[in-house]
Every structure is written in C-alpha cells, then in structure tokens.
Amino acid sequence: MERRNNVTEFVLIGLTQSTEGQKILFVVFLLIYIVTMVGNLLIVMTVVFSPTLDAPMYFFLGYLSFMDAVYSTTITPNMIIDLLCEKKTISFEACMAQLFIEHLFGGAEILLLVVMAYDRYVAICKPLHYLTIMNQWLCVLLLLLAWVGGFLHAVVQLLLAYNLPFCGPNVIDHFICDMYPLLKLACTDTYIIGLIVVFNDGAICVVIFVLLFISYGVILRSLKNLSQEGRRKALSTCGSHVTVVFLFFVPCIFMYVRPPSTLPIDKSLAVFSTIMTPMLNPLIYTLRNGEMQTAMKKLWIRKRK
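Residues numbered from 1 in each chain as written. Predicted model: local features only at pLDDT ≥ 70, side-chain atom pairs only at ≥ 80, totals over all residues. Heavy atoms only, no water.

**A word on the state of the cysteines**
Move 1: With the rule as written, the count across this model stands at 3 disulfides.
Move 2: Across the disulfide, Cys205 is cross-linked to Cys252 (sulfur-sulfur distance 2.3 Å). Linking Cys205 and Cys252, the disulfide has an S-S dihedral of approximately 70° and is accordingly described as right-handed. Of the two residues, Cys205 sits in helix H7 (residues 191-222) while Cys252 sits in helix H8 (residues 228-256), which places them 47 residues apart along the sequence. In this structure, Cys205 and Cys252 share a single accessibility class: buried.
Move 3: When the cysteines engaged in disulfides are numbered in sequence order, the chain pairs them as 1-3, 2-4, 5-6. (Disulfide = S-S within 2.5 Å. Helix = DSSP H or I, 4+ residues; strand = E, 2+ residues; numbered from the N terminus. Buried < 20%, exposed > 50% of the residue type's maximum accessible area, 1.4 Å probe, protein only.)

Pasting the structure below:
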C-alpha cells in the first residue's frame, strides 16, 4: 500500500486542555486501567487454572476477558501518558496500528458476544444435548470465526484510513485514532468512504444488537420449562450477558449509526466503550456468578499454601 499524503504524525487534542483536569484524569484513568487489568487477568487465570470451570461458557468468558485486557491496553496507556505531555502526538504508523488493533479486538468481541448468546441458548433450550452440541471442536471453531470476523472488519477500516490523502492540518479532535476524526482531516471527498464506515460499523452493530436481544427473548420464554433453581441461575447468567451487550453496543450505535461527523459527545462515548466497559465486564460477570466467585476463592487459597 502506498500512502498518498505528506503527514507523518497526528496531534491529539485529548479530553481536556486544562492542566488541572489532565492531572485528575491521569489519576482516574490510571486507577481504572489497573482495575481493568487485574479484573480481566484474574478471570483468565481462574478459568485456566480452575478444573471446575471447564464448561464452554467459561472458555468463552476467559477469551472475552483476554480481549478486554488487550483492547484496553491498545488505548488506555497511551492516553494516560498523553495526559502528562504538553504536545500529544502519534505517528502515522502508530495511528494506523491503533486503529487496526482497536477494531480487530472490538469486532472479535462483538462476534464473541454472539457466540456466548448461542452457548446460553443451547444450554437453556437444549440442556440434554448441550455437551454434545457445544463440544470442544465447535467451541474452538466459533472462537476462530470471531477472530476472523474481527480481522476482516479491522482490515476494511485500515485500508480505508491508510489510503486517505492527508495534506494538513493534522490535529485530531479526539484522544484516539478513529475513522470519523480521520475522515474529517482527509483532503478529499469522503462521502462514499463514510457510508462504508457506517455500514461496516453502525449497521453491523444494530443488526447484531437486535439479533442478540431476540435470542435472549427466546431464551427467557423457555425458562418456564426449568425448575425454580434452574430459572434463577439462568436469569443470573443471562442478566450478566445482557448487561454486557447493552454496555458494549449502545455507545457503538450512537457513535456510528449516523452520517459521518464528529460530535462533542463522541469523546465521552469513546471513553465509556474503550475504557469503562472493559473494567465493568469482569465485575458484572464475577458479582453475578457464584461458580466464578467460588473458583476464585479456591484459587486464592491454593496459591497462598
């Protein structure tokens, strides 16, 4: 791919220009990042080292936490460092890499949430055939498809952004490299490219979001066939999944299901989806999952011996 621009770096405006505000945000986001990494890595370790968590649900949950950890690491550390810098710059290559990795893990996570919804459907609606259907090979295949889907989504984003001609200015009104702020800087008509981004991001988010809620609606209808204890456990698990789906998809839909443009609220939504959600996911899953809590306690006791 040959670049058609003379821009070697971008300047990120960030979240605020206030020195005091940047110091406060530095402390806040550093704490959030630490909690995010500890929470997600703790889930990964618990799933890997706990023999009781061998169900497909925990296999997928472990990879979801891994994705959240990497997804957050792609964005948060660089933003934290920028809060201490007077001039926040990012090279063209680093900007493209951030864009690619962000959409790779974001796209893979969206598809993994679909896989987890299918897993819950089989577990609740076809309990007698659950282990037969959700065998190891199918779980690996579904995970691989999620990664492939995320990769294809990220490649489209990268190709669109990399081939944009940037003639200046090079100031991005954001704290990360994303498509809409980059389209705003391109010195060409980006109408068609903008429509592609709306389809590749917004339309896909809407379709998958609707399908997920339909699937959970089907699952909830089937709960009447379960015992009271089974119904309580299924509601707890599905409640966690629905909460995570809501936290992940709503900001995505608000940011991308509209004509290509940048709005002031985009920064707040980006903070929520890229920084807050990866921190909240492990809290949601562990607080509502008794088996996960028990496994974590046993792992902690074992490590202390």
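Read on, since the account is not over.
**Focus: the pairing of strand E1 (residues 9-12)**
Move 1: As judged from the 3 bridges shared by E1 and strand E2 (residues 89-91), these two strands associate in the antiparallel manner. Across the sheet, residue Glu9 finds its bridge partner in E2, namely Ser91.
Move 2: Sheet analysis places E1 next to strand E3 (residues 171-172), joined by 2 bridges and oriented parallel. For Leu12, the partnering residue across the bridge sits in E3 and is Ile172. (Pairing = 2+ DSSP bridges.)

**Focus on the pattern of salt bridges**
Move 1: On inspection of all chains with the given rule, the structure shows 2 salt bridges.
Move 2: Residue Asp119 is joined to Arg120 by a salt bridge in which the shortest nitrogen-to-oxygen separation is 2.9 Å. Arg120 shares its class with Asp119; the two are buried.
Move 3: Linking Lys267 and Asp173 is a salt bridge whose minimum nitrogen-to-oxygen distance equals 2.8 Å. (Salt bridge = Lys/Arg side-chain N within 4 Å of Asp/Glu carboxyl O.)

**Brief notes about the nonpolar core**
Move 1: Judged by nonpolar contacts, the single largest core of 92 residues is most densely connected at Phe10, Leu113, Phe166, Leu182 and Phe249.
Move 2: Top element by residues in this core is helix H3 (residues 92-125). It accounts for 17 residues.
Move 3: Excluding residues within four positions of it along the chain, Leu182 makes contact with Phe10, Cys95, Met96, Leu99, Ala161, Leu164, Phe166 and Ile172. (Core = buried A, V, L, I, M, F, W, Y, C linked by side-chain atoms within 4.5 Å. Contact = heavy atoms within 4.5 Å.)

**With respect to the layout of surface pockets**
If you roll a probe as big as a water molecule over the atoms, it shows you where there is empty space left.
Move 1: Estimated volume of the largest pocket: approximately 410 Å³.
Move 2: Around the largest pocket, the lining is made up of 26 residues, and of these Gly106, Gly107, Ile110, His153 and Asp201 lie nearest the centre.
Move 3: For the lining of the largest pocket, the elements supplying multiple residues, two or more each, are H3, helix H5 (136-162), H7, H8 and helix H9 (265-287).
Move 4: Counting residues per element, the lining of the largest pocket draws most heavily on H3, which supplies 6 residues.
Move 5: By residue class, the composition of the lining of the largest pocket is 14 nonpolar, 9 polar and 3 charged. (1 Å grid on protein atoms, 1.4 Å probe; cavity = no way out; pocket = protein on both sides within 12 Å on 5 of 7 lines; lining within 4 Å. Points joined across faces, edges and corners; volume = space filled by probe spheres on them. Nonpolar A, V, L, I, M, F, W, Y, C, P; charged D, E, K, R; others polar.)

**With respect to the confidence of the model for the chain**
Move 1: With 95% of its residues at a pLDDT of 70 or more, the chain shows a mean pLDDT of 84.
Move 2: At the level of individual helices and strands, the chain shows its lowest average pLDDT in helix H10 (residues 290-304), which scores 74, and its highest in H5, which scores 93. (pLDDT = per-residue confidence, 0-100.)

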